[in-house]
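Coordinate inspection notes
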Amino acid sequence: MTQVTPNVAGSDRELIAFRIGEQEFCVDIMSVREIRGWTPATPLPRSPAYMKGVINLRGTVLPIIDLGARFGLQTGEPSERHVIMVAHVGSRLVGLLVDAVSDIVQLTDAAIQPTPDVASESVKAFVKGIFAVEGGRMISLIDLEHVLPVEAETEAA
C-alpha cells in the first residue's frame, strides 16, 4: 500500500489506483463496489465507441465503459488480464474496464494538486487533480461523475 500523508491538516482519502496503458489513475475507494476479471460484453447497437457493451452481474445488466477509450487513450481489445471495476457513477452502477488495479493509496486532500492549466477542457472534465507518490510516479484523480455523458444520467433517473 502506498501512503502519501504530508503533515498538513486535511481530510484523509483512500483511493484505488489503476493503470490504463502507461498512465496511472485513481478513484475514491468508496465508489468501487467490487473488482472482477474481464468478462466479454454483449455490444449494444449505436452505442459510443467507449461503451464495450453489457454483462450480466448476478442478474443485473451492467454497462461496461472502456475508461481508456473514454479518456481518448490508445486501447486494444480486452483480454483476461484486464479487470472491471464495478463502481457507482452518480446513481448508476457501471463497470469500468481498466488494464489493472495497482494499489490502494491513502493521502490527505492537501496532497492533491489542481489539474494544470495547460490541460484541455476535456481532460479537466475527468481529472479532479494530480498527486505524486514515491518513485516520482504521478497519479491522476478521476471524477467519476463526468465519466458518463449527462444524457445517460438523466435517462437513468
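Model, not experiment: these values are computed from the prediction.

Turning our eyes to something else, we now look at the sheet that holds strand 5 (residues 51-57). Here we have 5 strands laid out as an open sheet, ordered 4-7-8-6-5, and mixed in their pairing. Two strands in the sheet have a free side with no partner beyond their single neighbour: strand 4 (32-37) and strand 5. Each strand axis lies, on average, 30° off the axis of its neighbour in the sheet, ignoring direction. Of the pairings in the sheet, the one linking strand 5 to strand 6 (residues 60-66) comprises 6 bridges and is antiparallel in character. Paired with Val54 across the two strands is Pro63, which belongs to strand 6.

Glancing now at the confidence of the model for the protein. Model confidence for the protein is summarised by a mean pLDDT of 84, while 84% of its residues fall at 70 or above. At the level of individual helices and strands, the protein shows its lowest average pLDDT in strand 1 (residues 2-4), which scores 44, and its highest in strand 4, which scores 96. Contacts for the low-pLDDT stretch residues 1-9, under 50 throughout, to residues beyond four places or in other chains number 27 contacts. The low-confidence segment residues 152-157 (pLDDT under 50) makes 7 contacts with residues lying over four places distant or belonging to another chain.

Looking at where Thr115 falls in the secondary structure, it is placed in the loop between strand 9 (100-108) and helix 2 (121-126). Here the side chain of Thr115 touches Val127 through a polar contact of 2.9 Å, landing on its backbone oxygen. Not counting residues up to four positions away in its chain, the partners in contact with Thr115 are Lys124, Val127, Lys128 and Gly129.

Rules used throughout
Residues numbered from 1 in each chain as written. Predicted model: local features only at pLDDT ≥ 70, side-chain atom pairs only at ≥ 80, totals over all residues. Heavy atoms only, no water. Pairing = 2+ DSSP bridges. Helix = DSSP H or I, 4+ residues; strand = E, 2+ residues; numbered from the N terminus. Axes fitted to C-alpha atoms, helices over the stretch in contact; angles between N-to-C directions. pLDDT = per-residue confidence, 0-100. Contact = heavy atoms within 4.5 Å. Polar contact = N/O pair within 3.5 Å; in protein donor to acceptor, adjacent residues only side chain to side chain.

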